[in-house]
Amino acid sequence: MSPAYSTREQFERWHIRDCVRCGRRAAKAANWEGPICRTCFDHAVHTWGDCPDCGMHRLLPGRRSSGDEVAICRDCAAITRDFFCDRCGFEGCLLAGRFCERCTLADKLNRTLDDGTGKTRPELVPLRDGILGSQNLKRQLAWFGQSRVPEVLAALARGDLPLTHKALAALPDWRTASSVRELLMHHGVLPRMDRQLMLFERWLAQRLADLEPPEHAQLVHRFATWNELRRLRRKAENEPLRPTTTNEARQRVNRAADFLTWLADHNTGLQHCTQADLDAWHSKHYATRRPAQAFLRWAMRSGHMPKLTWTWKPTTNPAPIAQHQRLALIRRLVTDQTIPLRERIAGLLVLLYAQPLSRVVQMTIHDVITSDNEVLLRIGDPLTPAPGPLADLLHELLADRAAASGPNSDSDWLFPGRRAGQPLQHRSLGEALHRHGIPVQSGRTSALRQLVLQAPAPVVARMLGFHDKHTTRVLIEAGGSWNRYAPGDHDR
Ligand SMILES: [Zn+2]
Ligand SMILES: [Zn+2]
Ligand SMILES: [Zn+2]
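Predicted model, so just to flag it, every value in this text is computed and none were measured.

The rules behind each value
- Residues numbered from 1 in each chain as written.
- Chains lettered and ligands numbered in written order.
- Predicted model: local features only at pLDDT ≥ 70, side-chain atom pairs only at ≥ 80, totals over all residues.
- Helix = DSSP H or I, 4+ residues; strand = E, 2+ residues; numbered from the N terminus.
- Rg over C-alpha atoms; globule rule 2.2 N^0.38 Å.
- Buried ≥ 20, exposed ≤ 12 C-beta atoms within 10 Å, placed from the backbone.
- Contact = placed C-beta atoms within 7 Å.
- Axes fitted to C-alpha atoms, helices over the stretch in contact; angles between N-to-C directions.
- Parallel < 35°, antiparallel > 145°, perpendicular 65-115°, else oblique.
- Nonpolar A, V, L, I, M, F, W, Y, C, P; charged D, E, K, R; others polar.
- Arc of directions from axis to C-beta.
- Domains from an automatic or database assignment.
- Pairing = 2+ DSSP bridges.
- Left-handed = near helix turned anticlockwise from the far one by under 90°.
- Core = buried A, V, L, I, M, F, W, Y, C linked by C-beta atoms within 7 Å.

*Asks:* Mind showing me how you'd approach the overall build of the protein here?
*Replies:* Tallying secondary structure elements over the protein gives 23 helices and 12 strands in all. Expected size for 492 residues packed as a compact globule is a radius of gyration near 23 Å; at 34 Å, the protein overshoots this value by more than 25%. A principal-axis box enclosing the C-alpha atoms of the protein has dimensions of 95 × 70 × 50 Å. In the protein, which comprises 492 residues, the share counted as buried stands at 29%. Within the protein, contacts between residues separated by at least 24 positions form 52% of all contacts whose residues are at least 6 apart in sequence.

Given below as structure tokens:
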């Protein structure tokens, strides 16, 4: 029978004590060599080892009275309470019914994972054994009390919910669903799945739940399932998805929803969308709205909207700086001794060869080939000669690198970072250039434009080592838009 406490003071007088082990004022959980707080008690019933007084290997909840804080067993500490599980005899933390944590957890798991026959569903046995084999049973018990994970596991055990990634991904409570999937993958019940794909599915569930009205949500759902998820799943079978890939899919889904809202705002719907509507949609914010085109293609293909067309336009890259500005910056990087050598060279690689900083930082000292009368750079095919002033700076940098000491002095990076074995981060290099007034993005675009004036875009692409589709497109766009201008410098 628990006494009724009329006042807070009375409660404190009965239960709050200074813990003899940690000294904090707290409710006492035991009274051994003195009052013990809950935290210290919990620690005591999870401490095992060889008792220094009797030599037995067992639970060591007690403390030597000498005050040297050495943990000893209950018998040597003359603790009257015992800690043996009523079922298995294990000595440790006992929970309700005087069962140990493992027996308690086993009971809960057996109940939860029961397939209806009184036994754990066979597919879930590895999960059960895995959880019971865990080192931290306390944490495993915690999620039984705090999360909805057991509910979902029970539904899986009974067969109310198919034991598949797909069924779990469709649950409205994505937090619980993804915990369950992590758990099942961890114990080998479900196959490992791409992390980016899981994050995307989770995002999608949330996004669709927020979409209004329901007709829009339904359409976007179908598009996302049949077009985006299908594509991502297929891709993930071959290689891990990159965050940029799933980000693209997110944009497509978002723009699809935007398009439906835009149509509704113009008092029409997908079925009745006209060419004029589509032209109007594309006439503004083209770059932002372009990801909706995946949805348009899908909607036309699947008969959700009439077959219409649009003209492809390149998206605008950051406005390039004028050529005379670019040349002035190049001159400054070559001559200005106050700018650190590293930034001068990186800036020149951007302004002369349109190299993205993410590639600049990947260069090694072997990408700079020096001979008596020239310096060649390995940035594309063939090797690119470095003009005299840049060659001088590179010589200087290589000499510095050879003389340097520090954690990264023996690495091959041309621009070593602060951490051993790592190159400089391209973001920090970008910030450094920005501080010295070098506009990296627009400077790069400007360099590209100049280069495609001198040679056909594919040749330039090969020379600069641009293999990826995106950069090549940027290059061709730069050439494309440049070619529309009449010859001559219009930048001034
Ligand atoms: Zn304590
Ligand atoms: Zn002992
Ligand atoms: Zn037990």
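*Asks:* Even after reading the chapter, I still don't get the packing of helix α17 (residues 341–353) against helix α21 (residues 440–454), so can you show me in this structure?
*Replies:* For any two helices packed against each other, one specifies the crossing angle of their axes together with the interaxial distance. For the pair α17 and α21, interaxial distance at closest approach is 6 Å and the crossing angle is 40 degrees. What the angle tells us is that α17 and α21 run oblique. Here V350, L351, L352 and Y353 of α17 lie close against α21, whose contacting residues are V440, G443, R444 and A447. Broken down by class, the residue content of the contact of α17 with α21 amounts to six nonpolar, one polar and one charged.

*Asks:* I tried to follow helix α5 (residues 125–132) on my own but got confused; where do I start?
*Replies:* Think of an α-helix as turning once every 3.6 residues; residues three or four places apart then point the same way. Of the positions making up α5, those classed as buried are L127, R128 and I131. Along α5, the residues classed as buried sweep out an arc of 100 degrees about the axis, all on the same side. Turning to α5, the residues buried within the fold contact α4 (101–112), α6 (137–146) and α9 (174–186).

*Asks:* How should unusual backbone geometry be read in this particular structure?
*Replies:* Glycine aside, negative phi is the norm for most residues, and most peptide bonds take the trans geometry. Here the bond from E212 into P213 is cis, since omega is -15 degrees, no more than 30 degrees from zero. Examined against the element boundaries, P213 turns out to sit in the loop between α10 (195–210) and α11 (214–238). A positive phi is found at A78, a non-glycine position, where the angle reads about 55 degrees. Here A78 is to be found in the loop between α3 (74–77) and β8 (94–95). Even without being glycine, N267 reaches a positive phi, approximately 55 degrees. Residue placement: N267 occurs in the loop between α12 (243–265) and α13 (275–283).

*Asks:* Would you mind showing me how to read the domain arrangement of the protein here?
*Replies:* Annotation of the protein at the domain level lists domain 1 (8–98), domain 2 (102–193), domain 3 (217–301) and domain 4 (323–483). A straight line from the C-alpha centre of domain 1 to that of domain 3 covers 62 Å.

*Asks:* Teacher, can you tell me more about the sheet that holds strand β10 (residues 368–370) here?
*Replies:* Think of a sheet as strands paired side by side through backbone hydrogen bonds, with each pair either parallel or antiparallel. Sheet architecture is open: three strands sit in the order β10-β11-β12, paired in antiparallel fashion. Only two strands of the sheet have a single partner each, and these edge strands are β10 and β12 (384–385). Pairing of β10 with strand β11 (residues 375–377), which is carried by three bridges, proceeds in the antiparallel orientation. Bridging from a neighbouring strand, V368 pairs with L377 of β11.

*Asks:* Help me understand the packing of α12 against helix α15 (residues 292–301) in this model?
*Replies:* One can describe the packing of α12 onto α15 by two numbers: an axis separation of 7 Å at closest approach and a directional angle of 70 degrees. Taken as axis vectors, α12 and α15 run roughly perpendicular relative to one another. The handedness of the crossing between α12 and α15 comes out as right-handed. Residue-level contacts link R252, R255, A256, D258 and F259 of α12 to A292, A294 and F295 of α15. Considered class by class, the residues forming the contact of α12 with α15 number five nonpolar, no polar and three charged.

*Asks:* Sorry if this is basic, but what is going on with the nonpolar core here?
*Replies:* A256 and F295 are the most contacted members of the largest nonpolar core, which totals 46 residues. In terms of residue count, α12 provides more of this core than any other element does, seven residues in total. Each of domain 2 (102–193) and domain 3 (217–301) gives at least three residues to this core. When sequence neighbours within four positions are dropped, the list of residues in contact with F295 reads F223, R252, R255, A256 and F259. With 39 residues, the next largest nonpolar core counts I330, L349, V375 and F415 among its residues.

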